[in-house]
Amino acid sequence: MKNIAALLLLSFFWSFSWAQKQASKQEQPTIYTCVMHPEVRMNKPGNCPKCGMKLVVVKRKAASKTITNNKQMPMKDTSKKMDGMEHLQMPSQQAKQQAQPVTYTCPMHPEIHATKPGNCPKCGMKLVKEKAVVSPQADHLQDSMQMPMTDSTGRMENRDSMKIDEMDMGDGGTVMENIKTAKANLGPVKTIDASAPPRTVRYDLYIADTIVNFGGKPKRAIAVNGQIPMPTLTFTEGDTAEIYVHNNLNEETALHWHGLFLPNKMDGVPNLTQMPIKPHTTYLYKFPIVQHGTHWYHSHSGLQEQIGMYGTFIMNKRKEWDIPTIPIVLSEWTNIKPEEVDRSLHAATDWFAIKKGSTQSFSEAIKTGHFKTKLTNEWKRMTAMDVSDVYYDRFLINGKNQNEQPGFKAGDKVRLRIANGGASSYFWLNYAGGKITVVATDGNDVEPVEVDRLIIAVSETYDVMVTIPDNKSYEFLVTPEDRTKSASLWLGNGEKVPAKKPGKLKYFAGMKMMNDMMDMKGNLVQMDGMKMQNQIMDMNSVMYPEITGEENPKSEKKNDAMLGHDMHSMQMPDSNSMKGMDMTAEVPDMVTLNYEMLRAPNKTTLPPGLLKELHFTLTGNMNRYVWSLDNKVVSESDRILIKKGENVRLILYNNSMMRHPMHLHGHDFRVLNGQGEYAPMKNIIDMMPMETDTIEFAATEPGGDWFFHCHILYHMMSGMGRIFRYDNNLPNPEIPNPKLAQRKLFADDRMIHPMARIGLESNGSDGEIMVANTRYRLQTEWRIGYTMHHGYESESHFGRYLGRMQWWFPYIGWGFRKRTIDDPFEKNFFGQLLTPKKNVFGQTNTKNFRQVFHIGVEYTLPMLIIADGSIDSEGKLRFQLKREDVPISKRLRFNFMANTDKEYMFGFRYIVTKYFNLSTHFDSDMGFGAGITLVY
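Just so you know, these numbers come straight off a predicted model, no measurement behind them.

Undergrad: Would you explain empty space enclosed by the protein in this entry?
TA: Taking a probe equal in size to a water molecule and rolling it over the atoms shows the remaining empty space. A complete count under the given rule lists 12 cavities of 30 Å³ or more for this structure. A volume near 290 Å³ is recorded for the second largest cavity. Considering the residues around the second largest cavity, the lining is formed by 23 residues, among which Arg757, Asp766, Glu884, Asn895 and Met905 are closest to the centre. Those elements that place two or more of their residues in the lining of the second largest cavity are strand 39 (753–761), strand 40 (764–772), strand 41 (776–784), strand 46 (877–887), strand 47 (892–899), strand 48 (904–911) and strand 49 (916–923). Across the lining of the second largest cavity, the residue classes break down as four nonpolar, nine polar and 10 charged.

Right under this line is the structure:
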């Protein structure tokens, strides 16, 4: 009997122990990760969302042994024991945090851990602080020291020490320290009172054609008062502006006062707030100056801004800083007419990429060890990685590439009031003389912050302070984001001290990042734990050699090999895996401005009122150069009604791979950036890829239509915007015919763009001509032989693109073909009959004579191959695959076509100039040929 009782007791204890282990296992969830992307963490098996590899189980470290003496003592004995342990202190949460050192990690690569701030060795992004994670060992120790209670099962709460909590990307403490340092270094700044009371200030602006030679060739431009940029207009808060615009052009125009609070009819948007200023007429803009700061003005008519119509607009405070000040407007110049630039972007020409050195062809991919990266990129139906759209011949600072300002000596502080008047260029700003202190943005003061560099978005303004360290000339370097060229402002007199030029972008590193971020449907993949907002994560930093080092494919392969691929024994890096590695030694901790560093000096909370919240997704299609909000352009969307007195909050998500500077007319908005009541006020916000940003503004205007749009000129013209209308809007006397004005306004994104490709080769001519706009395309293709033996054929299609990515194109069309073959058994070079009796589907072939209507649909497949299926009026089916532009090298392109009528073609084009190619191809009907191809 005793043996049975002992056996039962032993079984009970074994069952209890087994249950404890099972409970512990259940409390510890299994984590799955990717060998190639260890930052991916999933609680279910599956495939990596980045590369598609099968996820593997993360092997955990063995848990520390714990004290398990959990015997329950009688309460009377327990109380006696407690009396003798009053001096024993339980480890507090604060003590545990103090014992744990501060560590830093990378938002893109959470497996990286460092004991010092710096940059990620994998992608170059700035490391951020990790939230403190209580270690299991400390938990075990605390559990083992707990006094026995009524329920003394001793079950331990499991904590996953490997889990990185959602990261706090903004470091408020660091920002406040920066502000404190910047204020101390800036010191007291003297002010001066306005010398005159508020008054009416008149300017006369004479707009006329001119010829300039910015880019090495004489080209047409538009000058105002005989100069480019337009004159700097200066006012003092409280003045009244009276600006007479004399249009001496042979075309219409209008001027927009960027960032100003003014009556809606003075806002200067043609066909929205006023009718355009007719040629050889004069128009008066008159409005009160009710604000201060650095702003600018520009033409809002067509593409005139690109060829000279931009200038600074300065509004001084009544008590302004008494310090040397230089107004600056940045811009770019292209020798190509802006209308041709716009058409070329819609035609998806490679010419701009060739000129910038950013083609990313297959031969370049092989050379740099990125062949797989290139394949993945095209498999996901993406074009080459780029950071800008247009190649420019020259970049300008106040109309000059090299601008000298020698009138400064050692110790002088200079304020630069900078406006980016470029049509489509972001600019990096660097200073050879030390730190740049940012003191205002978009005309609104901010607490001073010191940075090593900043990027200024299209249409954005910044006021910055720089110091002249010595009696030398220091370069303030302005570099476009694509780093093709630069412009310089030299401050001071003496020996020139150049700023360090940024290196060439590593485009394939950017392409690899883009591949990871994009899914097969063309959507950006949101990553858990990543806080993408307010410029705090520059995804392009992987391309910056000053952060991630020069491109070195051999080293990259070596590092990849060192990762290891043992699926069963994979050990993720812990806090000690980077021990001894100086993260700041290899990569300097460069301070780059972002929006979370901007803090208003005074509270900016909105007045009480109803809150209207709106969500917009920034969408685009780089292949066809269509840019939109929620996949709708301006002409396809209704005006958004708002009420005076309410507060409007916009939540914007950028689901495209391009930056977009979103600008709101007539209002400043708060950028919700973690500064609480002191959120900065701006009128444009730079939306980086994958970012979700929140802005809010008070609807304070009495009425009117106010434009909200991307300020990249060619994006705006393609329709990326919306119109806010106050619901009590009264008729605008400046718009006598609203219907006519709306048709003209909508004409911008409905513009038809012509394109053509004409081949003239020894075996005949083949080519196509098309006209297309945002949604529709009309196209005619032809093949013409020199003899009736080769014959001739033509097909025409008219259809509409569908979907956000516009991969679907249903169409209707018609076709005609005629040729004469005397010998029905004649074969081509590859032994195929020139007149096969049947097609692949077994239907009678009509290659000798065909005159039909047809309907069909095109679809863009992976690798950017166009699949085309159709049926004609005689019931004949045809399926075709083709592609025109496989990039073999920087200038060499491969094309092919094959269909079920047993026709096929392949060939090459070598791009000599923008419009002239050398070409050769083989056609199954017309044989080999070589010659030229004209491209438009």
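Undergrad: How do you make sense of the sheet that holds strand 31 (residues 647–654) when you look at a structure like this?
TA: Through backbone hydrogen bonds, the strands of a sheet pair up, either in parallel or in antiparallel fashion. The mixed open sheet is built from six strands, whose spatial order is 29-28-31-36-33-34. Edge positions in the open sheet fall to strand 29 (626–629) and strand 34 (681–682), since each of these has one partner strand only. Two elements, strand 28 (residues 611–621) and strand 31, share eight bridges in a ladder whose sense is parallel. Note on strand 31: the bridge partner recorded for Leu614 is Leu650.

Undergrad: Is there a simple way to explain the sheet that holds strand 45 (residues 866–872) in this structure?
TA: Pairing within the closed barrel is antiparallel, and its 12 strands lie in the order 39-40-41-42-43-44-45-46-47-48-49-50. Here the strands of the sheet are splayed against their neighbours by 20 degrees on average, with no regard to which way each runs.

Undergrad: So what exactly am I meant to see when it comes to the nonpolar core here?
TA: As a rule of thumb, soluble globular proteins bury nonpolar side chains together. Of all hydrophobic cores here, the largest spans 152 residues; its most connected members are Ile243, Trp257, Tyr285, Phe287, Phe313, Phe476 and Leu650. The biggest single contributor to this core is helix 10 (residues 507–517), with six residues. Excluding residues within four positions of it along the chain, Ile243 makes contact with Tyr203, Leu205, Leu233, Phe235, Trp257, Tyr283, Leu284, Tyr285, Phe287 and Phe313. The next biggest cluster of nonpolar side chains, apart from the first, holds five residues, and it includes Tyr104, Cys106, Ile112 and Leu127.

Undergrad: Explanation requested: helix 6 (residues 338–346) in the structure shown.
TA: Since the α-helix turns once every 3.6 residues, residues separated by three or four places project in the same direction. For helix 6, a buried count of eight out of nine residues is recorded, marking the element as mostly surrounded by other parts of the structure. The set of residues buried in helix 6 consists of Pro338, Glu340, Val341, Asp342, Arg343, Ser344, Leu345 and His346. On its buried side, helix 6 packs onto helix 7 (351–356), helix 14 (713–717) and strand 39. At the C-terminal side of helix 6, Ala348 shows a positive phi close to 60 degrees.

Undergrad: What is the right way to read the pairing of strand 46 from this model?
TA: The side chains of a regular strand alternate, first on one face of the sheet and then on the other. Bridge count between strand 45 and strand 46: six bridges; the pairing is antiparallel. Bridge pairing in strand 46 places Ser870 opposite Arg878. Linking strand 45 back to strand 46 in an antiparallel pair, the connection comprises four residues, with Gly875 at a positive phi of about 85 degrees. For strand 46 and strand 47, the ladder comprises six bridges, and the chain directions are antiparallel. Following the sheet pairing, Pro887 is matched in strand 47 by Arg893. Where strand 46 folds back on strand 47, the antiparallel hairpin that results is connected by four residues.

Conventions we followed
- Residues numbered from 1 in each chain as written.
- Predicted model: local features only at pLDDT ≥ 70, side-chain atom pairs only at ≥ 80, totals over all residues.
- Heavy atoms only, no water.
- 1 Å grid on protein atoms, 1.4 Å probe; cavity = no way out; pocket = protein on both sides within 12 Å on 5 of 7 lines; lining within 4 Å.
- Points joined across faces, edges and corners; volume = space filled by probe spheres on them.
- Helix = DSSP H or I, 4+ residues; strand = E, 2+ residues; numbered from the N terminus.
- Nonpolar A, V, L, I, M, F, W, Y, C, P; charged D, E, K, R; others polar.
- Pairing = 2+ DSSP bridges.
- Axes fitted to C-alpha atoms, helices over the stretch in contact; angles between N-to-C directions.
- Core = buried A, V, L, I, M, F, W, Y, C linked by side-chain atoms within 4.5 Å.
- Buried < 20%, exposed > 50% of the residue type's maximum accessible area, 1.4 Å probe, protein only.
- Contact = heavy atoms within 4.5 Å.

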